[in-house]
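Chain by chain, the residues run as shown.
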Amino acid sequence: MRGSFDEVVDETIDALEDEGFGVLTDVDVQATFAAKLDEEFRQYRILGACNPGLAHEALGEEIELGALLPCNVVVYETDEGAISVNAVDAMELLDLAESSELDVIGEEVHERYERVVETIDDSVGDADA
């Protein structure tokens, strides 16, 4: 993707908000490694996103699901210097709970995350475009 790293992070947060997700955690991996390990690392952010309505519904079906929340979206600099955005596959994640009642919720989260990534692709663009 084109654009500065910070622009892509901001676009990702905006796109998540447009789909009803709030960012509950924002881990700056590069800064953490520098501070805690005195090690350099590429630009890498882990955004812990949660849609309160869907989380409420899912926790109502499976109380232990909280161990899998929030769902992570990562924004990072690739080896080639481009910016990549990836989201957890909620359907695969919810398969761990082995509860068919969660399938509809997983599909909804999956579709929303797909729209988030598409929005970012459209807004920021692809580095190869």
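Residues numbered from 1 in each chain as written. Predicted model: local features only at pLDDT ≥ 70, side-chain atom pairs only at ≥ 80, totals over all residues. Heavy atoms only, no water.

Colleague: Help me understand the nonpolar core, please; the structure alone is not making it clear to me.
Modeller: Generally speaking, soluble globular proteins have nonpolar side chains that are buried together. Membership of the largest hydrophobic core comes to 26 residues, with the highest contact counts inside it found for Leu16, Val75, Ile105, Val109 and Tyr113. Elements supplying a minimum of two residues to this core: α1 (5-18), β2 (44-50), α3 (52-61), β3 (71-77), β4 (83-87), α4 (90-95) and α5 (103-124). In terms of residue count, α1 provides more of this core than any other element does, six residues in total. Residues contacting Val75, with those up to four places away along its chain left out, are Phe5, Val8, Val9, Thr12, Gln43, Tyr44, Arg45, Leu47, Ile83, Ser84 and Val85. (Core = buried A, V, L, I, M, F, W, Y, C linked by side-chain atoms within 4.5 Å. Buried < 20%, exposed > 50% of the residue type's maximum accessible area, 1.4 Å probe, protein only. Helix = DSSP H or I, 4+ residues; strand = E, 2+ residues; numbered from the N terminus. Contact = heavy atoms within 4.5 Å.)

Colleague: Could you clarify how one ought to interpret α3 in this entry?
Modeller: Working note: α-helix, 3.6 residues per turn, so residues spaced by three or four point in the same direction. Of the residues making up α3, those classed as buried are Leu54, Ala55 and Ala58. Projected down its long axis, α3 shows its buried positions confined to an angular sector of 100 degrees, all on one face. Those residues of α3 that are exposed and angled more than 90 degrees off the buried face are Pro52, His56 and Gly60. Backbone nitrogen of Gly53 and a side-chain oxygen of the N-cap are separated by 3.2 Å at the start of α3; the cap is Asn51. (Arc of directions from axis to C-beta. Polar contact = N/O pair within 3.5 Å; in protein donor to acceptor, adjacent residues only side chain to side chain.)

Colleague: For this particular structure, what's the right way to read the UniProt feature "domain: DUF302" (unreviewed entry) in the protein?
Modeller: According to UniProt, the "domain: DUF302" (unreviewed entry) feature falls on residues 27-89. Within residues 27-89, the helical portion is 30% and the strand portion 33%, while the C-alpha atoms at the span's ends are 19 Å from each other. (UniProt positions renumbered as here; feature names shortened; annotations may be inferred.)

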